[in-house]
Amino acid sequence: MESFFDIARVLTENSECTLMGSLCLYLTAPSVLGREVHDVDLFADDDPQNLRNIMTILKERGFELYSWQNRITPEVDLQLLRGRYYFRAVKDGLTVDVTYEKPEFTYQDMKQYETVSRGIRIYSARGLVRLLSCSDREENRVQLERLLTQINNSENT
């Protein structure tokens, strides 16, 4: 079975996307996460060729693709995906969510926060602060506070 790390590495090496979410927190600041990793979350450049490339990689690895409840293929009319913000890929209990639209900023805006861990392009702690600041989920607010405390503690030592 493919691991979280394997699929994150393949996708970040072969397309314009960067790991975010719980797996990124695990790699960047494991004490902040407060739970196990459930899935792979990526932020992708919304260029049509890039999105089709990501979909093709996932499809070739045996993933089923969905935009909300609708099954999709790499040949989907990408205009149908506008305003849906992400698509999902599922295989053997492994879920990959690929966000391609964020109202607060673009993929290019976040490039300054990229780093690499275990051969996977991820966001730094500062990048995660920016991402978590946009969430209204209670779990993410808690993670943001923990991450800010960790950053402040490391800057004061």
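Residues numbered from 1 in each chain as written. Predicted model: local features only at pLDDT ≥ 70, side-chain atom pairs only at ≥ 80, totals over all residues. Heavy atoms only, no water.

Trainee: Any details on the packing of aromatic side chains? Residues and values, ideally.
Mentor: Inspection of every chain in the model, using the stated rule, returns four aromatic pairs. For the pair Phe5 and Tyr26, a centre-to-centre distance of 6.2 Å together with 50 degrees between the ring planes defines the contact as tilted. In this pair, Phe5 is assigned in helix α1 (residues 4-14) and Tyr26 in helix α2 (residues 21-28), connecting sequence segments 21 residues apart. Classification of Tyr26 by relative accessible area gives partly exposed; the value is 36%. On the basis of an interplanar angle of 75 degrees and a centroid distance of 6.1 Å, the ring pair of Phe43 and Phe105 is categorised as edge-to-face. With Phe43 in strand β2 (residues 40-44) and Phe105 in the loop between β6 (94-99) and α5 (107-110), the pair connects residues that are 62 residues apart, well separated along the chain. A relative accessible area of 1% means that Phe43 is categorised as buried. Among the aromatic side chains, those forming a connected cluster through ring pairs are Phe43, Phe105 and Tyr107. (Phe/Tyr/Trp six-rings, centres within 6.5 Å; stacked < 30°, edge-to-face > 60°. Helix = DSSP H or I, 4+ residues; strand = E, 2+ residues; numbered from the N terminus. Buried < 20%, exposed > 50% of the residue type's maximum accessible area, 1.4 Å probe, protein only.)

Trainee: I'd like a rundown of the side chain of Asn140, residues and numbers included.
Mentor: In this fold, Asn140 is placed in helix α7 (residues 138-155). When neighbours within four sequence positions are excluded, Asn140 is seen to be in contact with Leu132 and Ser135. (Contact = heavy atoms within 4.5 Å.)

By themselves, these are just geometric observations and shouldn't be taken as functional.
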